[in-house]
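In case you want the letters, here they are:
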Amino acid sequence: MAMMLPDIWFAIIGFILFLTVVSDGFDLGIGILSLFTQDENRRAILMGSIGPVWHANLTWLVVLGGLFFGAFPLAYGVIFSALYIPVLVMIFAMAFRGVSFDFREEARDKGPWNLAFGLGSLLATLAQGFAVGGFLSGLQMDGTTFAGGVWDWLNPFAALVALGLLFAYILLGAAYLIMKTQGEVQADSYRYAQVGAWSLLVLAVALVGWSVYKYPFLARKWFTWPEAALTSLPLLLAAVAFILLVRSLLTLRETAPFVWSLVLCALATLAVAASIHPYVILPTVTLTAAASPTPTLVTMLMVVSVILPVMLIYNGYQYRVFRGKTTGGYGGYEE
Amino acid sequence: MDGTAHILLSRLQFALTTMFHITWAATSVGLSAFLVVMEGLWLKTGDDAYYHHTRFWGKLFLLNFAVGVVSGVPLEFQFGTNWGPFAAATGGFFGNVLGFETVLAFMLEAGFLGIMLFGWQRVSRQVHFFATGMVALGASLSAFWIMVANSWMQTPAGGHWQAGRYVSTSFWGSLFSPDMPWGVSHMWVACLESTLFIVGGISAWYMVKNRQVEFFTRSLKVALVAAIIITPLQIYLGDGSGRSVYRTQPTKLAAIESLWYTNPPGQGAPFKLLTWPDEDKADNAWEFLRIPDGLSLLVTHTFTGRVQGLRDFPREDWPPILPTFYGFRVMAGIGFLFFFLMLWTVWGWRKGRLNPENIGQQKWLLYAWVAAIPLGILAIEAGWVTREVGRQPWVIYGLLRTADGASRLPAVTVGTSLFVYGAIYSILFIALMVFARRLIQRGPDLSRPVPGKTALGGGAWPWQ
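The rules behind the values
Residues numbered from 1 in each chain as written. Chains lettered and ligands numbered in written order. Predicted model: local features only at pLDDT ≥ 70, side-chain atom pairs only at ≥ 80, totals over all residues. Heavy atoms only, no water. 1 Å grid on protein atoms, 1.4 Å probe; cavity = no way out; pocket = protein on both sides within 12 Å on 5 of 7 lines; lining within 4 Å. Points joined across faces, edges and corners; volume = space filled by probe spheres on them. Helix = DSSP H or I, 4+ residues; strand = E, 2+ residues; numbered from the N terminus. Nonpolar A, V, L, I, M, F, W, Y, C, P; charged D, E, K, R; others polar. Pairing = 2+ DSSP bridges. Contact = heavy atoms within 4.5 Å. Buried area = accessible area lost by both parts, 1.4 Å probe. Salt bridge = Lys/Arg side-chain N within 4 Å of Asp/Glu carboxyl O. Patch = residues over 30% accessible without salt bridge, like charges linked within 9 Å, V, L, I, M, F, W, Y side chains within 5 Å. Areas by Shrake-Rupley, 256 points an atom, 1.4 Å probe, with all protein chains shown as cover. Buried < 20%, exposed > 50% of the residue type's maximum accessible area, 1.4 Å probe, protein only.

## With respect to the layout of surface pockets
Residue and element names in this part refer to chain B.
Then, in step 1: As a volume, the second largest pocket reaches approximately 1200 Å³.
Then, in step 2: Around the second largest pocket, the lining comprises 49 residues; the ones closest to its centre are Phe 14, Thr 18, Leu 75, Ile 146 and Trp 384.
Then, in step 3: Mapped by element, the contributors of at least two residues to the lining of the second largest pocket are helix H1 (5-45), helix H2 (48-81), helix H3 (84-118), helix H4 (125-154), helix H6 (180-208) and helix H12 (375-389).
Then, in step 4: Here the lining of the second largest pocket gets 14 residues from one element, more than from any other, and that element is H1.
Then, in step 5: A per-class count over the lining of the second largest pocket returns 33 nonpolar, 10 polar and 6 charged.

Right, dumping it as structure tokens:
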């Protein structure tokens, strides 16, 4: 049991990462899409559609940070110091994105807060992408201390990851809007979702190829059974999900595009996590080496296994309260 | 640059971001609790004025919460970005507790916030009240876990140092570290106290302006009732906290009092109201209003209790004395001011001068409440400086020095992020003040329709 604890925690954190990516992902995607509109009413619909839920969505990122800190403190200290610049840029951008909802409502001149929402979302997404890309690029380590430079994350591989995340968020944002809006906004969202989906496909193929070239051990993990069940099989299933996603967009389904986008993200997260395993800092530090002492992992597991379902239930309830199409305006739903 | 500039810059950045965040965090704890009281009064009495109170103060809460969230996120990540070695060494308890804060507190707050803010017509009154309660509970639990983590940094317990990291062998032992009961209670009550003087002060401002006096007499009275309990309670908790510091962190206590010499047996240690410490001479340049035996009496409750002076400790273990000494005095001074303002107001109430018809004549009393608006936050900031600067040079008292906990980053990188934080927080602060002022000048919207007893198209409870 004690041997498996780091793996269990890796799986839990992977699941929270998935929730973070999809939930704050569609918020950020909608923020990016808001840059393409000049119309205040339309912007009000975009912002209103996520008005009651974006706080909770952002909170998954905080949960991710907190649990990662508790479960893998060494990795937390190393990775975040190594990615200092993109992490800080993400935080700065998110500060503007975060206050834009309420400040825009009060402001007489909405312009600056519109920009705070749109550019804040774009910058936060790119910074997050470079952070993830920098992490996946591997960190230069000297034992358990980071031995690289503060700009190491700025490389072509990370740039590709950042672009991939950008289009993934655009896809998620557009798919969410298809579900929550109607009329012109919905019609445009179908187009944006197509752009997001096809761009994502191209970038994903490029990233998969580059990864095998970059990390030779991936070839073994992807093409030998049973490891392939969690690595290349999800990628193949993702291809199927992609086809279903595109079909749902072409047949103008309202909920299916969002569902297939979620499935895509889930499969991608699974494939990436399984491919990294057993490392938490590529390419040298393993989960076991970076994990907290066993008593801590046990205490956290007992609490989180009980509270995580509860969190999902009340988050789900909040979504249910604000079900249906947005009506625009502050808060986004008829009071 | 001697290669340690990045440590100082990381410390300044942590101080800036924490002291900025603490304002909104404290007010969120207090305001959400106040909203529970007002909404509860509405449901209990059926008087719609309380509903309008909930909506009016709810708007201020929302502005405050927005800045609180965006300034809180950086704090968590900062342990990784700027304090990597600290994170790696202490994750076993400290990181665990921060993780618990997110899943047991922060998500609770965020998960019901949407319903509380925008769900008035979408859920029944009961469910809405429940949501408000969960937001308030989440805010207070956040404060609880954060103070648990911080208290453990003051008085680490429940484990031991092993192979360069802290292994917590007893979660409960670490949770109930010696400082924890005082740290948690003193801070939580400070959140309530600072907020109640903000609410009372804003209410008094409307009375000074002779606007909606009857309406705001209600919120002032709620604040006053709370103050009757809270202001003396906080003085008691402050006394307890001080004695806990005396028992567990002798260098901090000596810095708080700028005490250099240990009192010889049979003599008491003096209390000085004001002083100027001179670290090179290891003595005070001057002292003002010296009370013989005062310090012994305060921290040991005896006239001759032994209090260790800084000269008993090596100089490399001294905290910075000036901010610790004056931070404490600002905090404690405001605590007593609040207590006397409460007494003055209660006296007026007893004399029947706080009724909507005549309260406007109590100009000086109302001005005093208005002047008290920023004081609670000031006291929290000053108290936080006392607590954190007084813990130096340790990040975990007695176990890990602050300098050893810092990430090795180029000073220019940390300097830049510190500067950007300063710039962004200035913008947020100014914007928030402008918008809050506008909200207050506009006043409550009493024509807002009151929600029905049940949700639109539903029953009282979600399953109906």
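## With respect to the pairing of strand E1 (residues 159-162) of chain B
Residues and elements named next belong to chain B.
Then, in step 1: Both E1 and strand E2 (residues 165-168) contribute to a ladder of 4 bridges, which runs antiparallel. Looking at the pairing, His 160 lines up with Val 167 of E2.
Then, in step 2: A loop of 2 residues connects E1 with E2, the two strands running antiparallel in sequence, and Ala 163 in this loop sits at a positive phi of about 50 degrees.

## Details of the interface of chain A and chain B
Then, in step 1: The partner chain B presents 72 residues to the 63 residues of chain A that form the contact.
Then, in step 2: Contact between chain A and chain B buries roughly 6000 Å² in total, counting both sides, with carbon and sulfur atoms accounting for 74%.
Then, in step 3: Taken together, the connections running from chain A to chain B amount to 2 salt bridges.
Then, in step 4: A salt bridge links Lys59(B) to Glu106(A); the nearest nitrogen and oxygen atoms lie 3.3 Å apart.
Then, in step 5: Those elements that provide at least two residues to the side of chain A that touches chain B are helix H3 (54-71), helix H4 (73-82), helix H5 (84-106) and helix H13 (294-321) of chain A.
Then, in step 6: For the side of chain A that touches chain B, the residue count by class is 41 nonpolar, 15 polar and 7 charged.

## Thoughts on a nonpolar patch on the surface
Residue and element names in this part refer to chain B.
Then, in step 1: Taken together, the side chains of Leu 273, Leu 274, Trp 276, Trp 286, Phe 288, Leu 289 and Ile 291 present a nonpolar region at the surface, about 650 Å² in accessible area.
Then, in step 2: When residues of the nonpolar patch are traced back to their parent elements, those giving at least two are strand E3 (271-278) and strand E4 (283-291).
Then, in step 3: With 4 residues, E4 is the single largest residue contributor to the nonpolar patch.
Then, in step 4: Within the secondary structure, Trp 286 is located in strand E4.
Then, in step 5: Since its relative accessible area comes to 42%, Trp 286 is described here as partly exposed.

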